[in-house]
Protein chains: 4
Amino acid sequence: MRTGVWLVGARGSVATTSIVGALALRAGLTGPTGCVTELPELRGPALPSFADLVFGGHDVVDTPLPKRAEALAAAGVLPGRLVDALAGELAEVEAALRPAPTGGSPADRVAAVAHDLSEFRRRHALDRVVLVNVSATEPAPEPHPAHHDLAALRAALAGPAEVLPPSSRYAYAAFTAGCPYVDFTPSTGARLPALAALAQERGLPYAGHDGKTGETLVKSVLAPMFALRHLAVRSWSGVNLLGGGDGATLAEPAANAAKVASKQRVLGETLGYVPQGDTRIDHVAELGDFKTAWDLVTFVGFLGTGMRLEFTWHGCDSALAAPLVLDLARLTAAAHAAGRTGPLAELAFFFKDGIDAPTHALAEQWTLLREFVAGLHAGAA
Amino acid sequence: MRTGVWLVGARGSVATTSIVGALALRAGLTGPTGCVTELPELRGPALPSFADLVFGGHDVVDTPLPKRAEALAAAGVLPGRLVDALAGELAEVEAALRPAPTGGSPADRVAAVAHDLSEFRRRHALDRVVLVNVSATEPAPEPHPAHHDLAALRAALAGPAEVLPPSSRYAYAAFTAGCPYVDFTPSTGARLPALAALAQERGLPYAGHDGKTGETLVKSVLAPMFALRHLAVRSWSGVNLLGGGDGATLAEPAANAAKVASKQRVLGETLGYVPQGDTRIDHVAELGDFKTAWDLVTFVGFLGTGMRLEFTWHGCDSALAAPLVLDLARLTAAAHAAGRTGPLAELAFFFKDGIDAPTHALAEQWTLLREFVAGLHAGAA
Amino acid sequence: MRTGVWLVGARGSVATTSIVGALALRAGLTGPTGCVTELPELRGPALPSFADLVFGGHDVVDTPLPKRAEALAAAGVLPGRLVDALAGELAEVEAALRPAPTGGSPADRVAAVAHDLSEFRRRHALDRVVLVNVSATEPAPEPHPAHHDLAALRAALAGPAEVLPPSSRYAYAAFTAGCPYVDFTPSTGARLPALAALAQERGLPYAGHDGKTGETLVKSVLAPMFALRHLAVRSWSGVNLLGGGDGATLAEPAANAAKVASKQRVLGETLGYVPQGDTRIDHVAELGDFKTAWDLVTFVGFLGTGMRLEFTWHGCDSALAAPLVLDLARLTAAAHAAGRTGPLAELAFFFKDGIDAPTHALAEQWTLLREFVAGLHAGAA
Amino acid sequence: MRTGVWLVGARGSVATTSIVGALALRAGLTGPTGCVTELPELRGPALPSFADLVFGGHDVVDTPLPKRAEALAAAGVLPGRLVDALAGELAEVEAALRPAPTGGSPADRVAAVAHDLSEFRRRHALDRVVLVNVSATEPAPEPHPAHHDLAALRAALAGPAEVLPPSSRYAYAAFTAGCPYVDFTPSTGARLPALAALAQERGLPYAGHDGKTGETLVKSVLAPMFALRHLAVRSWSGVNLLGGGDGATLAEPAANAAKVASKQRVLGETLGYVPQGDTRIDHVAELGDFKTAWDLVTFVGFLGTGMRLEFTWHGCDSALAAPLVLDLARLTAAAHAAGRTGPLAELAFFFKDGIDAPTHALAEQWTLLREFVAGLHAGAA
């Protein structure tokens, strides 16, 4: 099952780490730490192997992939020995990358993306291509009537106005080209009724939003803990300090708002009420690809006794995100192969703000995921 | 369903808080925060109501219960207004307490306890009495052949030697008197083959060990998080600073060892390997009834990237333990009413080291608990 | 040396705690913990005793002082027994409070304040009155030419426009009435050339700004530690979560900006460079009179090795500020008695942003303070 | 002023980092971050330059220095490019190292060390040699009458019994060979009356004990902060998690005791009372050359309000210690050149437990150091 993985933001830290990691796994140079689909509970015949994955993608920057990999090695995110050993394979992937289309009408750019996807599938004789968005977080777009109606959207795209944010334009292009779509960012992506209609029309699955890699991952196990113990959370405040490109983007108020909303959802939906407190995101360039998050939770127990929990998470976002990108590509490809259409709510385990997620509690999301994957394997066997 | 709750250590902080809380709930003076059995998912007809609970107990100290309650109010553990409002009810419970039997052979002391339990049941016309051990943690006892055989144990008890530690002597007495037994401490309690045989013979259920109130509670959700994400935990070190009587007891090396073993179990059994690092317990009298625990977890993600999580838990052990004591008394009484015999593995949710616990992951323990309680309610309806 | 202490914001948490504390010290009901002027190195004849202090003040709210004290006792900031024991004395102070003047021209309000101060001095036969601003933090005012020239300021005040922010109007009134002025907040206060000229003209000392009670206190010892060890601080990020009225005020962006600037000054001036990172202030009502601050410092050592320090401060602002208010009133009164005029740079020990502070390192500030106080005592002996 | 630096434990992490760093400074390949003697306040003509330093030493292990440096580079403690660039210089230093003498009587081993020191001085035409002990921490030795009397010690050394621990034997040998001695560890070193007499007799200065690199450094600024603010510290608990050889040594109860005593001294001497709480040292091999320390301080402010501070220090011990080793070698050499004899109390700034330290407050220690160095420069000019 030869599977293309087309990364939007293909020269970013997450994409580069995903590609280096997949190549290293294929070459037997590293183990699958962090890859959920390699846990004994999920492994099986329905999923494409790492050797089955072929990478391509778009990016607006043009630093070649091998250079980006070297920079990540220098920053301690990737082992330098892997980058050296995989120089040839990285150059091959670099050759499969395409510049992000610019100029022309929105419809022209959609067509260019769809063309690149079809070409990639053809040239590499792939059974399917999954597009995964790992580019920078966008601000929420202005509402537009065409977001709600596929026919209206088709008409609007032909005009000169930017009716769709980039992440949604990529989703549109993916669906047009017959490709499943995964949004690893909090951007709009496929989250518009008109795009849902398009996916339905083409019989394609999609998944998102916003990979759950750090603070929210911890929240998704701590919030249920308080709920199951009937403890009343009074406030939950968090601050995220992050460097890198992502930090700079998220320091922009509009992108920040999208991310923060995504991060706080788990609390209200798990606890049944929204405690006081906010989540902050600050850019500290010095931290590079690492992120430090600090959360303070105050809560009340029996007879009103006040207590508190605080935690500090010091993680490398790329190292946490990359294996999940591979997991999502494999799972979405398998879902497509199995004929699944529409949003993959069973992948909520991977997301801060899973589409149609029936729960934000990690353990329940795990149960859903396990059952979903078992079904895929049963069908594949 | 009038249910007796007989507390060993009845004048300790946990017991006092449990009693004041139950009386306050009965009087409508407080809400059920912290009571797991009052969550919508578990509430129902099979459980005795708070008004159905009648308290008694043994203790080796003789400070009257109302005085202990006042001291806890002064320390910020109990609201002073509750202690004032419940003065009459507390005096009634005080009247039902008995001095812990001393002197005579072990068999004499067992008989005295069994007599007190039977008297309590008779005088208050109770359907059943559940004995809950909330006394100070004991060192692990010397192994003894009589621990493995009920007949040998009966014979040995008649002699002058101390063949059983106090917690196990209470379990023996409870079973003799037809009472279910719950061990909220890490002491030996009913965890001896001879006592299991006795419970079987008398058709009695029992539960334990070691109420999961703080650091281990957090571990029981964080360890599964690492496991489900396929992240490799390299070290997990913890320090517990606690004041109060419990702190002083646990600073004793032997009791400390029992507790620490109980605390670390969750890691090995959840992760499938034992990371480096120890759990320390230190006594800091200044902290009073509060406890501060700090844990450092170092872990490795994709491609070997090192990361870390630390958390600080600042909790009031009595406020966390007391509602669980009430939960356990209600659940064990209902299990007894339903004819359950032997260890209640489904109550692992409440314990650091649940007897026969099939899992140490909190979310899975919750599923087991919910199904167990649903069964009780179905039978009771 | 009977000394009046006139508090602007006299019914706020800090003022109430200061008053209750001074009364309790006078009555021998508490010890001087937190009072710097009671350290053996500073104690002496030049300072008015606690029994010498007489309290008055203005406030815009009218909840009586005894009620405020009871509320603080309920919140755990004051011991209830003190509030009960001092009921009579608190009622006396309440009788000395005046409503903050409103209406009329700025000059009218200045005159009303000056009148209240003179009346207070006369009625209580005081040697002097020190005005201490402990009211809510103001936004920085619009620049105005009259701020730079006393004659222009006098002319402008007679007009209808609000040329001065309230804190500066109080400073103006204090100087007019012959009273030294202390600004415990980051507001403008006496920090205008025209007001400096007025203080000079009247021969009055003044001090400020922004009492150093929590996170900045810690910074003022940690930043010198890094500097003295020649370690390069790369980033210093902080978040302050605080409830109470102060928290709500500081969540306003303009007041927040004033406070944050005051908090960051210590870093640049101590280290000689400004590391990356910001200080955030967020309002979390749930925290009440307590504040939690978390700071992350990343630094680099020999040969470029990256390291980090984080700290969490959980303090009660009123309990930390109140004894310093008493210290400042005593010290400023003594400086006035000794004939000191103009800004008291030697009091930088007490402030985040001391006027003319020659250093932001706490230990050096201590040396200055000790020498200053020794001079006062020598003069008084 | 050609100055020999003879390191006991010359192939350990601290020594290796010191040597690589000094060579890199000499070659202009790195800056003096972490070197206190390169601060503008201390720099000057009395101190030997980095180019003046010549390294030698003893060790019981025989992994060559260049190999140790490579291992430290792999662990992220040293930059690999430095180790590569300095390969030749490191090989030269390696050639100057001598195996730690074993066998023979104590007097024989003393003589062998003294011989090595003299040979080193002669061969490299050095003005003087400072011996710095950076070997593993020893347990406290059994008391012995010869420790108190030089003549008795000389007699005892000739016998077969081990009357001195290794650190003291090296101090004895250093003094015999006319070399100043610095103890960077908490071992006994020169801290025996008989050795003080020997240093006096030979007119030699010495310094120690126990380089202040992490948790205690932070304590030495925080404890004075509480004292200067008249806040009452109720408990101060700390845990140190460390890997590397030092961690393993310190996990030994006897060495641990020596270290912990050294660490707690600052509290009692700075606060004037000893708060509750202990300092723990645990070995966590996974942490390698890094150390994580966590401290919890509970304290009481005005009117008895309870508050708390906690901090986490994540440092690299070698990177923190190495520049101080160079500082101490330079300062002790300059003191020797200036004719100073006996303990150098003015170097308390560098030590957890400075010999004859008049204060444990870092800022006061800095003042002493600055004055001391100014005196040296004045004498040298």
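The rules we used
- Residues numbered from 1 in each chain as written.
- Chains lettered and ligands numbered in written order.
- Predicted model: local features only at pLDDT ≥ 70, side-chain atom pairs only at ≥ 80, totals over all residues.
- Heavy atoms only, no water.
- UniProt positions renumbered as here; feature names shortened; annotations may be inferred.
- Pairing = 2+ DSSP bridges.
- Helix = DSSP H or I, 4+ residues; strand = E, 2+ residues; numbered from the N terminus.
- Least-squares fit on C-alpha atoms with pLDDT ≥ 70 in both.
- Contact = heavy atoms within 4.5 Å.
- Expected span 1.5 Å × (residues − 1).
- Buried < 20%, exposed > 50% of the residue type's maximum accessible area, 1.4 Å probe, protein only.
- Axes fitted to C-alpha atoms, helices over the stretch in contact; angles between N-to-C directions.
- Buried area = accessible area lost by both parts, 1.4 Å probe.
- Salt bridge = Lys/Arg side-chain N within 4 Å of Asp/Glu carboxyl O.
- Nonpolar A, V, L, I, M, F, W, Y, C, P; charged D, E, K, R; others polar.
- Polar contact = N/O pair within 3.5 Å; in protein donor to acceptor, adjacent residues only side chain to side chain.
- Domains from an automatic or database assignment.
- 1 Å grid on protein atoms, 1.4 Å probe; cavity = no way out; pocket = protein on both sides within 12 Å on 5 of 7 lines; lining within 4 Å.
- Points joined across faces, edges and corners; volume = space filled by probe spheres on them.
- Phe/Tyr/Trp six-rings, centres within 6.5 Å; stacked < 30°, edge-to-face > 60°.
- Parallel < 35°, antiparallel > 145°, perpendicular 65-115°, else oblique.
- Right-handed = clockwise from strand over helix to strand, strands pointing away.

As recorded by an unreviewed UniProt entry, chain A carries the name Myo-inositol-1-phosphate synthase and is attributed to Micromonospora chaiyaphumensis. Quoted verbatim from the Sequence similarities (unreviewed entry) field of UniProt, the annotation for chain A is "Belongs to the myo-inositol 1-phosphate synthase family."

Q: What exactly am I supposed to notice about the sheet that holds strand β3 (residues 97-99) of chain C here?
A: Backbone hydrogen bonds are what pair the strands of a sheet, in a parallel or an antiparallel way. Residue and element names in this part refer to chain C. Pairing within the open sheet is parallel, and its seven strands lie in the order β3-β2-β1-β4-β5-β6-β11. Edge strands, defined here as strands with exactly one partner in the open sheet, are β3 and β11 (342-343). Sheet analysis places strand β6 (residues 205-208) next to β11, joined by two bridges and oriented parallel. Bridged to Tyr206 within β11 is Pro343.

Q: Sorry if this is basic, but what is going on with the relation of the copies chain B and chain D here?
A: What relates the pair of chain copies is a rotation about an axis plus a shift along that axis. With an RMSD of 0.0 Å, chain B superimposes on chain D once it is rotated by 180 degrees and translated 0.0 Å along the axis. Here the copies are linked by what is in effect a two-fold axis. Looking at chain B, 100% of its interface residues are interface residues in chain D too, so the copies touch through the same face.

Q: Would you mind going over helix α12 (residues 317-337) of chain A with me for this structure?
A: Given 3.6 residues per turn, any residue in an α-helix points the same way as the ones three and four places further on. All names here are of chain A. Taking 1.5 Å of rise per residue, the 21 residues of α12 would be expected to cover 30 Å, and the 30 Å separating its terminal C-alpha atoms lies within 8% of that figure. Here α12 lies mainly inside the structure; 20 of its 21 residues are buried. At the exit of α12 stands Gly339, carrying a positive phi of roughly 85 degrees.

Q: I tried to follow the sheet that holds strand β2 (residues 53-59) of chain B on my own but got confused; where do I start?
A: Residues and elements named next belong to chain B. Strand order in the open sheet formed by seven strands is β3-β2-β1-β4-β5-β6-β11, and the pairing between neighbours is parallel. Of all the strands in the sheet, the pair left with one neighbour each is β3 (97-99) and β11 (342-343). The pairing of β2 with β3 spans three bridges and is classified as parallel. Each bridged residue has a counterpart across the sheet, and for Gly57 the counterpart in β3 is Leu97. Against the sheet, helix α7 (residues 166-176) contacts β1 (3-8), β2, β4 (128-133), β5 (181-183) and β6 (205-208), and its axis sits at roughly 160 degrees relative to β5. Contacting β1, β2, β4, β5 and β6, helix α12 (residues 317-337) runs over the sheet at an angle of about 140 degrees to β4.

Q: For this particular structure, what's the right way to read the interface of chain B and chain D?
A: For interface size, the figure often reported is the accessible area lost on association. At the interface, 22 residues of chain B touch 22 residues of chain D. Contact between chain B and chain D buries roughly 1900 Å² in total, counting both sides, with carbon and sulfur atoms accounting for 55%. When the area that chain B buries against chain D is broken down by residue, the three leading residues are B:Arg280, B:Glu286 and B:Trp294, summing to 28%. Counting across the chain B and chain D interface gives four salt bridges. Measuring nitrogen to oxygen at the nearest pair gives 3.6 Å for the salt bridge that ties D:Arg234 to B:Glu286. The set of elements that each furnish at least two residues to the side of chain B that touches chain D consists of β7 (232-242), β8 (279-283), β9 (290-300) and β10 (306-316) of chain B. Of the residues contributing to the side of chain B that touches chain D, the split by class is eight nonpolar, seven polar and seven charged.

Q: Hey, could you run me through the interface of chain B and chain A in this one?
A: The partner chain A presents 60 residues to the 60 residues of chain B that form the contact. When chain B packs against chain A, close to 4600 Å² is buried across both sides, 73% of that on carbon and sulfur atoms. Of all residues in chain B, the largest losses of buried area upon contact with chain A belong to B:Arg229, B:Phe302 and B:Leu303, amounting jointly to 21% of the total for that side. Here chain B and chain A share zero salt bridges between them. Counting every contact that joins chain B to chain A gives 14 residue pairs in polar contact (both at pLDDT 80 or more). Among the secondary structure elements, those contributing two or more residues to the side of chain B that touches chain A are α1 (13-26), α9 (215-228), β9, β10, α12 and α13 (362-380) of chain B. At 11 residues, the largest contribution of residues to the side of chain B that touches chain A is made by β10(B). Across the side of chain B that touches chain A, the residue classes tally to 41 nonpolar, 14 polar and five charged. As judged from the seven bridges shared by strand β10 (residues 306-316) of chain A and β10(B), these two strands associate in the antiparallel manner.

Q: I keep staring at the domain arrangement of chain A and nothing clicks. Help me out?
A: Residues and elements named next belong to chain A. Along its sequence, chain A is carved into domain 1 (3-210 + 319-379) and domain 2 (215-315). One C-alpha centre belongs to domain 1, the other to domain 2, and the line joining them spans 26 Å. Across the contact, 16 residues belong to domain 1 and 21 residues belong to domain 2. Contact with domain 2 buries surface across domain 1, with Thr137, Lys352 and His360 losing the most and accounting together for 38% of the total. Counting across the interface, domain 1 meets domain 2 through three residue pairs in polar contact (both at pLDDT 80 or more). In terms of residue class, the side of domain 1 that touches domain 2 is made up of nine nonpolar, three polar and four charged.

Q: Quick question: what am I supposed to make of empty space enclosed by the protein here?
A: Here the idea is plain: a probe the size of a water molecule rolls over the atoms and shows the empty space left. Counting across every chain of the model gives 11 cavities of 30 Å³ or more. In this structure, the largest cavity encloses a volume near 100 Å³. The wall of the largest cavity is formed by 16 residues, among which A:Glu310, B:Glu310, B:Thr312, C:Glu310 and D:Glu310 lie closest to the centre. Those elements that provide at least two residues to the lining of the largest cavity are β10 of chain A, β10 of chain B, β10 (306-316) of chain C together with β10 (306-316) of chain D.

Q: It is not clear to me how the packing of aromatic side chains should be interpreted in this structure. Could you clarify?
A: A ring pair, where both rings are aromatic, is described by two values, the distance of the centres and the angle of the planes. Taken as a whole and judged by the stated rule, the model has 34 aromatic pairs over all chains. For the pair C:Phe226 and C:Trp236, a centre-to-centre distance of 6.1 Å together with 85 degrees between the ring planes defines the contact as edge-to-face. Remark: C:Trp236 occurs in strand β7 (residues 232-242) and C:Phe226 occurs in helix α9 (residues 215-228); sequence separation between them is 10 residues. By relative accessible area, which is 0% here, C:Phe226 ends up buried. Ring plane angle 40 degrees and centroid distance 5.4 Å describe the contact between C:Phe299 and D:Trp313, whose orientation is recorded as tilted. You can see C:Phe299 sitting in strand β9 (residues 290-300) and its partner D:Trp313 sitting in strand β10, one on each of two chains. In this pair, the class of C:Phe299 matches that of D:Trp313, namely buried.

Q: What's the story with the packing of α1(B) against helix α2 (residues 65-74) of chain B in this structure? I'm lost.
A: Residue and element names in this part refer to chain B. It is at 10 Å that the axes of α1 and α2 come closest, and there the two elements cross at 95 degrees. In terms of axis orientation, α1 runs roughly perpendicular to α2. Two secondary-structure elements touch here, α1 through Ser13, Thr16, Thr17, Ile19 and Val20 and α2 through Leu65, Arg68, Ala69 and Leu72. Split by residue class, the contact of α1 with α2 holds five nonpolar, three polar and one charged.

Q: Mind showing me how you'd approach the side chain of C:Gln365 here?
A: Residue and element names in this part refer to chain C. With respect to the helices, strands and loops of the structure, Gln365 is situated in helix α13 (residues 362-380). Accessibility expressed as a relative area gives 1% for Gln365, which makes it buried. In this structure the side chain of Gln365 is engaged in a polar contact, spanning 2.6 Å, whose partner is the side chain of Lys212. Once residues within four sequence positions are removed from consideration, Gln365 is found in contact with Lys212, Ala348, Phe349, Thr359 and His360.

Q: Looking at this structure, how should I read the pairing of strand β2 (residues 53-59) of chain C?
A: Regular strands have side chains that alternate between both faces of the sheet. All names here are of chain C. Counting buried positions along β2 yields seven of seven residues, so the element is predominantly enclosed. Inspection of the sheet shows strand β1 (residues 3-8) paired to β2 by six bridges, in the parallel sense. Looking across to β2, one finds that Val8 is bridged to His58. As a crossover connection, the stretch from β1 through helix α1 (residues 13-26) into β2 is right-handed.

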